[in-house]
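Coordinate inspection notes
If you want the building blocks of each chain, they are given just below.
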Amino acid sequence: MDLSDLYQELILDHNRSPRNRRHLENASRSAMGYNPLCGDKVKIEVMLDEQGKIIDIAFEGSGCAISTASASLMTEAVKGKTPEEVKAIHDTFHGEVTEMPVEGNGRVELGKLVALTGVRKYPARVKCATLAWHTLKAALDQVGDTVTTE
Ligand code: ZN
């Protein structure tokens with residue numbers, strides 16, 4: 001099995017059995033995201049502690065396999081992380097999928113998120129992979145309205 005097969009399997013697994021797909025009671029922040037190019041919709045809810053650390057996160061929504069897997073993988077990647085850690089993961093991930101990689105100290109290990117960086121070969125799908133991240137940022141920045149990738 002080569003790496004691309006492994007990555008595809010991880011994406012399919014997270015699409016079939018999304019992690020943290022539920023409503024989060026008593027969420028501190030939430031935001032809606034919409035990707036009109038593909039029709040992906042996502043709602044991100046987070047529970048933060050006093051320092052802004054993500055102590056719980058959940059998502060709901062409907063979309064393609066990439067957007068669902070990305071939201072699922074994102075919730076696993078950022079749970080328990082501080083705002084600085086979330087920003088570092090976001091920036092590194094976003095850099096990888098948009099082919100503008102972060103260099104130097106700002107770069108962090110992506111773990112399973114590497115599975116999604118293959119979308120850079122398919123520009124139309126990049127927004128499917130980044131929708132959940134844009135929406136998380138909107139929630140953390142307490143932007144009220146629905147964010148779109150356009
Ligand atoms: Zn999509």
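That block above? That's the structure.
As the structure is a prediction and not an experimental result, all values here were calculated from the model.

1. Section: the overall build of the chain
Within the chain one finds four helices and four strands. Reading the secondary structure of the chain in the N-to-C direction produces α-β-β-β-α-α-α-β. Computed over its C-alpha atoms, the radius of gyration of the chain comes to 14 Å, within 12% of the 15 Å expected for a compact globule of 150 residues. Taken along the three principal axes of its C-alpha coordinates, the chain extends 45 × 35 × 30 Å.

2. Description of the pattern of salt bridges
Enumeration according to the criterion identifies 11 salt bridges in this entry. Its salt-bridge partner being aspartate 56, residue lysine 79 comes within 3.5 Å of it at the nearest N-O pair. Of this pair, lysine 79 sits in the loop between α2 (65-78) and α3 (83-97) while aspartate 56 sits in strand β3 (residues 54-62), and the two are 23 residues apart along the sequence. A relative accessible area of 32% means that lysine 79 is categorised as partly exposed. For aspartate 56, a relative accessible area of 17% gives the class buried. A salt bridge links arginine 120 to glutamate 96; the shortest N-O distance between them is 3.2 Å. Highlighted residues: arginine 120 in the loop between α3 and α4 (123-140) and glutamate 96 in helix α3, separated in sequence by 24 residues.

3. Quick notes on the pairing of strand β2 (residues 40-48)
Where strand β1 (residues 29-35) and β2 come together, seven bridges link them in antiparallel fashion. In the sheet register, methionine 32 faces β2, and the bridge partner there is lysine 43. Counted between consecutive antiparallel strands, the loop separating β1 from β2 contains four residues, among which glycine 39 sits at a positive phi close to 90°. Across eight bridges, β2 lies against β3 in antiparallel orientation. Among the inter-strand pairings, valine 46 is bridged to a residue of β3, identified as isoleucine 57. Hairpin connection between β2 and β3: a loop of five residues separates the two successive antiparallel strands, and glycine 52 in this loop has a positive phi of roughly 90°.

The rules behind these values
- Residues numbered from 1 in each chain as written.
- Predicted model: local features only at pLDDT ≥ 70, side-chain atom pairs only at ≥ 80, totals over all residues.
- Heavy atoms only, no water.
- Helix = DSSP H or I, 4+ residues; strand = E, 2+ residues; numbered from the N terminus.
- Rg over C-alpha atoms; globule rule 2.2 N^0.38 Å.
- Salt bridge = Lys/Arg side-chain N within 4 Å of Asp/Glu carboxyl O.
- Buried < 20%, exposed > 50% of the residue type's maximum accessible area, 1.4 Å probe, protein only.
- Pairing = 2+ DSSP bridges.

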